[in-house]
Amino acid sequence: MKLVTIVGARPQFIKAASGSRALRKAHQEILVHTGQHHDENMSEVFFREMEIPAPDYNLGIAGGSHGEMTGKMLIEIEKVLLKERPDGVLLYGDTNSTLAGALAAVKLHIPVIHVEAGNRLGTMDSPEEVNRILTDHCSSLLLCATQDAKDKLDRENLGSRAHVVGNIMYDSFLHFANRPWTDPEIRDFDGCPVTVPEQFYYMTCHRQENTFSDAPLTEILSAMNSLDAPTVYAVHPRNRERAQRVVRENGFSNIILTQPVKYSDSVQLVSRAKKVVTDSGGLQCEAFYAGVQCVLVMDYVVWPETMIANRNQLAKPLKTDILEKLSREQTVDPAYQPFGDGHAAEKICELITEFFEER
């Protein structure tokens, strides 16, 4: 079968690394990159490092409001689908690229396959929540990372289309975690190599609610600056100016600012860190896979499976709350594996094959 896979953001590249490797053994794949993440460290380096096939189409769409970006993507993706006439469209996650791909495909009566279906925050205030709900309801085949996601689809009367396959990001994590850490490319904003200390905390912080002004980011960085070891903070390009200024103006000498890092470097930083502080849906899972405690600076639970035995804890963007959560100890039960066995991509491929055979 001929499938068009649409990606646009860093988490989707990570998923596509495992997904395309399995998919191309049984199907023809046309890869479309919307351009949503276009920065060198957020895009091209991922394709090279993770050996993702070069995109057949790069739409070059980035920036603008949610509506503007999604609308432009919808127009351009429709053109690709009309030209390629695929049997199905494969989508990952909950970005604007995901929603645009779902809308373009379903209006052309092309089956939509959604990987990481059924995740819910429980609030429509989140743009990602809107994207994932609409995509799920447009989809013909729903592939869930966890049983909880499947249960939520059951409650939305979508369970007959849904299957639990495990988290495909776990496939990619294991692939890179089991490799030796060689030639790290961790650099500061001037492009100079950064030496990672033996003891450190690892942090990412990019969401609008944490970076829209100096106040929340200052609280978060103040907490990290007061810890017993330096914090390596991999900064999203759009937050670079603010992060630099907040660190400089507050004299935060215990914060190491870096450019976004390669996936293999991020896996190693997560695995070697004392603890992780993030607002990333993917990084909190990677900390869970590595058995490293995480504090999630968000108002809502993203992966309820991780919120057990202090392994992942919600915190507000307040110094006191973050430090209180970091002071707790976690308990790791090796037998608890809610995200599957690391073979999600193979199961996804098998279910796609079965889906088209039944049609």
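Reading the values: the criteria
- Residues take numbers from 1 onward in each chain, read along the sequence in its written order.
- Only residues with pLDDT of at least 70 get local features here, since the model is predicted, and only at 80 or more are side-chain atom pairs given and counted; chain-wide, interface and lining totals rely on the full set of residues.
- Each side-chain value is derived from all of the structure's non-hydrogen atoms; neither hydrogens nor water enter the calculation.
- Strand pairing is assigned whenever DSSP identifies at least 2 bridges connecting the two strands.
- Per the convention used, a helix needs a DSSP run of H or I reaching at least four residues, while a strand needs a run of E reaching at least two, with both numbered from the N terminus.
- Between N-to-C directions, angles span 0 to 180 degrees; the directions come from axes that are lines fitted to C-alpha atoms, helices contributing only their stretch in contact.
- In this analysis, two residues are considered to be in contact whenever any of their non-hydrogen atoms come within 4.5 Å of each other.
- When accessible area is computed with a 1.4 Å probe and restricted to protein chains, residues below 20% of their type maximum are described as buried, those above 50% as exposed, and intermediate ones as partly exposed.
- Every definition here rests on a 1 Å grid over the protein atoms only: cavities are sets of points where a 1.4 Å probe fits but cannot get out, pockets are open sets enclosed by protein on both sides within 12 Å along at least five of seven lines, and lining residues have some atom within 4 Å of a point.
- Grid points are joined across faces, edges and corners, and a volume is the space filled by probe spheres set on the points.
- Under this grouping Gly is polar, as are all residues other than the nonpolar Ala, Val, Leu, Ile, Met, Phe, Trp, Tyr, Cys and Pro and the charged Asp, Glu, Lys and Arg.

Colleague: Mind showing me how you'd approach the sheet that holds strand β10 (residues 255-258) here?
Modeller: Across a sheet, paired strands are connected by hydrogen bonds in the backbone, their directions being either parallel or antiparallel. Ordered by their spatial adjacency, six strands build an open sheet running β10-β9-β8-β11-β12-β13, and the pairing between neighbours is parallel. Unpaired on one side and paired on the other, β10 and β13 (312-315) mark the two borders of the sheet. Direction aside, neighbouring strands of the sheet carry axes that sit 20 degrees apart on average. Looking at chain direction, strand β8 (residues 201-203) and strand β9 (residues 231-234) are connected through three bridges and run parallel. Counterpart to Tyr202 in the pairing with β9 is Val232. On the sheet, helix α9 (residues 214-225) packs against β8, β9, β10, β11 (276-278) and β12 (294-297) and is oriented at approximately 165 degrees with respect to β8. Strands β8, β11, β12 and β13 of the sheet are contacted by helix α12 (residues 281-290), whose axis makes an angle of about 165 degrees with β11.

Colleague: What am I meant to see in helix α11 (residues 263-272) here?
Modeller: The periodicity of an α-helix, 3.6 residues per turn, causes residues three or four positions apart to be oriented the same way. Of all 10 residues in α11, eight are buried; the element is thus mostly enclosed. Every buried residue of α11 is accounted for by Tyr263, Ser264, Asp265, Ser266, Val267, Gln268, Leu269 and Val270.

Colleague: Is there a simple way to think about empty space enclosed by the protein in this case?
Modeller: To find leftover empty space, a probe the size of one water molecule is rolled over the atoms. All told, the structure shown has two cavities of 30 Å³ or more when counted by the stated rule. Estimates place the volume of the largest cavity at around 40 Å³. Along its surface, the largest cavity is lined by Gly19, Ala22, Leu23, Leu90, Tyr92, Ile168, Ala345, Ile348 and Cys349. Those elements giving two or more residues to the lining of the largest cavity turn out to be α1 (10-23), β4 (88-92) and α14 (344-358). Looking at side-chain class alone, the lining of the largest cavity contains eight nonpolar, one polar and no charged residues. Of the volumes computed, that of the second largest cavity is approximately 30 Å³. Lining of the second largest cavity is provided by Asn119, Arg120, Thr146, Asp148, Ala149, Lys152, Val302, Trp303, Pro304 and Glu305. Class assignment for the residues of the lining of the second largest cavity results in four nonpolar, two polar and four charged.

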